[in-house]
Amino acid sequence: MSTHPTNPASTLERDLVCGMNVNPANAKYVHRHHGRNYYFCCAPCVEKFKADPAKYLTQKAPAPADGVVMLVRTGAKGDTRDSDLPGTPNVQATAYVCPMCSEVRVSKPGACPSCGMALEPDVPAAATRIEYTCPMHPEIVRDAPGSCPICGMALEPRTVAAGPEENLELRDMTRRFWISVALTAPLMAIAMAAMFWAMPLHGILAGAALPWLELALATPVVLWGGWPFFQRFWTSLVNRSPNMFTLIGMGTGVAYGYSLIATVAPKIFPQSLRTGSGNMSGYPDVYFEAAAAITTLVLLGQVMELRARSRTSAAIRALLNLSPQTARLIDAAGNEKEIRLEQVKPRDRLRVRPGEKIPVDGVLLDGRSSIDESMITGESLPVEKSPGSKVIGATINGTGSFVMRAERVGSETLLARIVQLVGQAQRSRAPIQHLADRVAKWFVPIVVAVAVVTFLAWLLVGPQPRFAHALVNAVAVLIIACPCALGLATPMAIMVGVGRGARAGVLIKNAEALEILEKVETLVVDKTGTLTEGKPQVVGMSQAFGENPELLRLAASLERASEHPLSAAVVDAALSRDLRLSEPQEFRSLTGKGITGTVNGKKVVVGTPALMMEVGALQKPAVLPAATPGSTTLCVAIDGSYVGTLAVADRLKQSTPEALRNLKAQGIRIVMLTGDNRATAAAIAEKLGIEEFEAEVLPERKLEIIRKLQGQGRVVAMAGDGINDAPALAQADVGIAMGTGTDIAMESGGITLVKGDLSAILRARNLSQATMRNIRQNLFFAFVYNAVGVPIAAGVLYPFFGVLLSPIFAAAAMSFSSVSVITNALRLRDAKL
């Protein structure tokens, strides 16, 4: 089978097995038979065809389902829409795709014709419905809670709702658990009483009354309380995907089925299996209490697991609850009215009063305030905001009142994107998960084989009653070997770890990035916006400007007419000193030199030393003060007289020096890449102690350097914030995007630092180390537990110590192992980063 056909066809082909239409141009499943390519919608269809080609070549292919077109969608560039193909229905208005079979595309909601999964919209809107997915198999998506058809685990919400969210699966399992406890308790009492006070009990329940009473108590527990487990057991058989519920279903089913037959038709059993003691004469031993206790303990494990999972999204839900329900809109006439948050549109002007929550992301237009952004950035100190500053939705305004312009609303706000990233990351699979998957694939069949061998060994050479011992020990093996802990080891740690990172201002886009980050040994950093603020600022000025602010006001008034980034720095410097600027007249821009114009009747020139000499303000540039390293010098002349210089530079972020020192202390090699000139890059590198850097590089060159480092066997992380960093971020083993940068950078990176602070890389690395350490602990415990538990359940200790493990204790041990893994994973919530 080939996944990439070399001769794409221009017309649709019919899947000979199911009848679906397949586009050969990008079909994923292709099989060559007798010199011809045949195209299929999914892997099962290929396997069926390969098993009996003649059957499908001679019969007429089934007609496709109504409105169904099978396509392979390989991404944005390779995405083929139904309307692009001849003879296919136009479903552009609303298209539905299968989350498991990416080649399925239909015009209406329903079940996937290939695998039966619930279809979902191709381009999901900011929907209000809750979707459920499997924590171990994120490709499984349902519209309602239930169990995973692959592994049987309980599905959980894929998105986090802002309001209180009822976990229907938890409620159902809790109800089943408590009813099962009520019925299992008397069953266990009967079993204990039969051991220690057999005669009085049999005197009360004479003849067949006792097994029939146990049957009445156990049946609701096993068949109703354990019904979800039997459903998952059957699903695992149908899909040939053995899992923990395969073992649970077999164990409880055998124990209950044997006991049911022994109660209803005891005479079909040989005389040697009937106890012949007391009033139980004529009846074999029954194990209703074991089947009921196992079911109840597994239900307890499910309840605890579901509760633990629901707690992993509590912090994110708390963030969502911080969003205000309304906003104060300022209309075109200047009137204010209160509207619902979902009615806010981009470019709306909104009033935010003291103490209120900011409704959406935007820009402050008028007024000043300090804003508490701790719930987003983790920074406890309020942040001062002035006109032009960006504000984040759901953060809390301080004592000032201001007017803002809405820029991002609804699902586009930073808070909504955080939740989306966290949700996606919690459902992603770390590479280490493949180890658990490979083990689980072979583990269940091996356990079943061990159970069969155990049964035969006890039946042939065990002590009397041999059949009873054989049955009990085989069931104990099936129960204690349930790979619950193995399955939970990685997903639980990833879920909790990603949530912990979100609270620390570190957004993990996928689990692979979280795993690889601890192995990173080389960090490549962009300069502008990553090491620096990304915004030119006036970092120095001649003494004349300090003594006479009017000189700065005149220069800034002229600069306000220019679109050059350096001009904005001069204007900001003047506004920060509360200087009122004027409108310039006769403005001229001299490319590569500077600008000239008239402000309040005065001739103002701002530019290079060469321009100063050209207008006669300077005879030679030697009189200029030494420039600040890495800065650009702007000379200012008024009415033909030189008055001083302004030094403009992109200032380092306050946290950058310490962050780089700490990263170096961990043995990480730092390489700086920048498109800036070499002099500026050298000054920044010297100031930060960066020994390796390259200046004046284009995006392609950054990509080449990343590849070169990887070719040397290094694990490379790239930190950047701009569009020009996107290729390098995507190429690096781990891409780290600044949350203050561009959207494309954040899409290309696997990790986003919300505050755009390099010190967060240390927190991310510490989180990676803590999470991977937790996963290894979980996997070690799971492996060791099963390696020790299975032989004991099989009875290897019996010949030496006379010790047998009851199925009831096996179920308790199995549940304890799962709870241990969950508890260990939850420790990550309090990990120090």
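Residues numbered from 1 in each chain as written. Predicted model: local features only at pLDDT ≥ 70, side-chain atom pairs only at ≥ 80, totals over all residues. Heavy atoms only, no water.

**Thoughts on the overall build of the protein chain**
Test applied: Numbering of helices and strands starts at the N terminus; helices are DSSP runs of H or I of at least 4 residues and strands are runs of E of at least 2. Partly exposed describes any residue whose relative accessible area lies between the buried limit of under 20% and the exposed limit of over 50%, with all areas from a 1.4 Å probe on protein chains only and scaled to the type maximum. We call two residues in contact whenever any of their non-hydrogen atoms come within 4.5 Å of each other. In these tables, accessible area is a Shrake-Rupley quantity obtained with a 1.4 Å probe, and a residue counts as shielded only by the protein chains included in the view.
The helix and strand tally for the protein chain stands at 28 helices and 33 strands. Here the protein chain, with 833 residues, has 51% of them falling under the buried criterion. In the protein chain, the share of contacts with a sequence separation of at least 24, taken over all contacts with a separation of at least 6, comes to 64%. Of the roughly 37,600 Å² of accessible surface on the protein chain, a fraction of 57% belongs to carbon and sulfur atoms.

**Topic: a nonpolar patch on the surface**
The line we're drawing: For patches, a residue must show more than 30% relative accessible area and have no salt bridge; joins then use 9 Å for like charges and 5 Å for nonpolar side chains, namely Val, Leu, Ile, Met, Phe, Trp and Tyr. In what follows, salt bridge is the name for a side-chain nitrogen of Lys or Arg lying within 4 Å of a carboxyl oxygen of Asp or Glu.
Among the surface-exposed residues, V452, L456, L460 and V461 lie close enough to one another that they form a single nonpolar patch of about 400 Å² accessible area. The topology assignment puts L460 in helix α12 (residues 433-461). Looking at L460, the relative accessible area reads 59%, which means it is exposed.

**A look at helix α21 (residues 656-665)**
Note the cut-off: Taking the helix axis as origin, the arc is that swept by the directions to the C-beta atoms.
Those residues of α21 lying buried are T656, A659, L660 and L663. Seen along its axis, α21 keeps its buried residues to an arc of 95°; they face one direction. Seen from the buried face of α21, the exposed residues on the opposite side, beyond 90 degrees, are R661 and A665. Where α21 is buried, its residues touch β22 (522-526), α16 (527-531), β29 (669-673), α22 (678-688) and α26 (759-794). A positive backbone phi angle near 85° is found at G667, which sits one or two residues after α21.

**Thoughts on the side chain of T184**
So the rule is basically this: Identification of polar contacts relies on pairs of N or O atoms within 3.5 Å, with a donor-acceptor requirement for protein atoms, meaning one able to donate a hydrogen and the other able to accept it, and with residues adjacent in sequence counted only if both atoms are side-chain atoms.
Counting through the fold element by element, T184 comes out in helix α3 (residues 168-196). Only 2.7 Å separates the side chain of T184 from the backbone oxygen of S180, close enough to count as a polar contact. Other than its neighbours up to four places away in sequence, T184 contacts V221, A292, A293 and T296.

**Describing the packing of α21 against α26**
When two helices pack together, their arrangement is given by the angle between their axes and by how far apart the axes lie. To keep things clear, this is the line we draw: To get an axis, fit a line to the C-alpha atoms, keeping to the stretch in contact for a helix; angles then go from 0 to 180 degrees between the N-to-C directions. Nonpolar residues are Ala, Val, Leu, Ile, Met, Phe, Trp, Tyr, Cys and Pro. Charged residues are Asp, Glu, Lys and Arg, and all others, Gly as well, are polar.
Two elements in contact, α21 and α26, have axes whose closest approach is 8 Å; the angle formed by their N-to-C orientations is 35°. When α21 is examined against α26, the residues A659, N662 and L663 are found in contact with a partner set consisting of S759, I761 and L762. By residue class, the composition of the contact of α21 with α26 is 4 nonpolar, 2 polar and no charged.

**A few points about the sheet that holds β22**
Put simply, the test is: Only strands joined by at least two bridges in the DSSP assignment are considered to pair.
An order of β21-β33-β32-β31-β22-β29-β30 is seen for the 7 strands of this open sheet, with the pairing classed as mixed. With one partner strand each, in any of the chains shown, β21 (506-508) and β30 (692-694) form the two edges of the open sheet. Pairwise comparison of adjacent strand axes, ignoring direction, gives a mean angle of 20° for this sheet.

**A look at the environment of L456**
You can see L456 is positioned in helix α12. Along the sequence, L456 and A470 sit 14 residues apart, while their C-alpha atoms lie 6.9 Å from each other.

**Remarks on the confidence of the model for the protein chain**
Threshold: Values of pLDDT, which run from 0 to 100, indicate the predictor's confidence residue by residue.
Per-residue pLDDT for the protein chain averages 75, and the proportion of residues at 70 or more is 69%. Below a pLDDT of 50 lies the segment residues 114-118, which in the model reaches 22 contacts outside its immediate sequence neighbourhood of four places, other chains included. Counting contacts from residues 276-280, a segment whose pLDDT is below 50, to residues more than four positions away or on other chains yields 11 contacts.

**Some details on the pattern of salt bridges**
Counted by the stated rule, this structure contains 16 salt bridges. Notably, a salt bridge pairs E342 with R340, separated by 2.6 Å at the nearest N-O pair. A salt bridge links K519 to E515; its shortest N-O distance comes to 4.0 Å. For E515, a relative accessible area of 7% translates into the label buried. Here the salt bridges do not stand alone but share partners, grouping D172, R175 and R176 into one network.

**Looking at the pairing of strand β26 (residues 602-607)**
The sheet contact formed by strand β25 (residues 594-599) and β26 spans 6 bridges and is antiparallel. Following the sheet pairing, T598 is matched in β26 by K603. Hairpin connection between β25 and β26: a loop of 2 residues separates the two successive antiparallel strands, and N600 in this loop has a positive phi of roughly 55°.

**A word on the sheet that holds strand β20 (residues 402-408)**
Across the sheet, which stays open at both edges, the 6 strands sit in the order β13-β12-β14-β20-β15-β18 with antiparallel pairing between neighbours. Single-partner strands in this sheet number two, and they are β13 (336-340) and β18 (390-391). Two elements, strand β15 (residues 361-367) and β20, share 6 bridges in a ladder whose sense is antiparallel. Across the sheet, residue V363 finds its bridge partner in β20, namely R405.

**So, the side chain of S542**
Tracing the chain through its elements places S542 in the loop between β23 (532-541) and α17 (543-547). If sequence neighbours within four positions are ignored, S542 has contacts with G644 and T645.

**A short note on the nonpolar core**
Counted only if it meets this: Buried residues of nine kinds, namely Ala, Val, Leu, Ile, Met, Phe, Trp, Tyr and Cys, make up a nonpolar core once their side-chain atoms join them within 4.5 Å.
Judged by nonpolar contacts, the single largest core of 51 residues is most densely connected at L523, L531, V734, I736 and I751. The element best represented in this core is α26, accounting for 9 residues. Not counting residues within four places of it along the chain, the set of residues in contact with I736 comprises L517, A717, M718, A719, G720, L729, I751, L753 and I761.

**Topic: the packing of aromatic side chains**
The line we're drawing: Aromatic pairs are defined between Phe, Tyr and Trp rings, using the six-membered ring for Trp, whenever the two ring centres lie within 6.5 Å; interplanar angles under 30 degrees are classed as stacked, those over 60 as edge-to-face, and all others as tilted.
Counted under the stated rule, the structure contains 4 aromatic pairs. Summarising the aromatic geometry, the rings of Y38 and F49 are spaced 5.3 Å apart at their centres and angled 35° between planes, so their arrangement reads as tilted. Of this pair, Y38 sits in strand β4 (residues 36-40) while F49 sits in helix α1 (residues 43-51), and the two are 11 residues apart along the sequence. Here Y38 and F49 have matching classes, each one buried.

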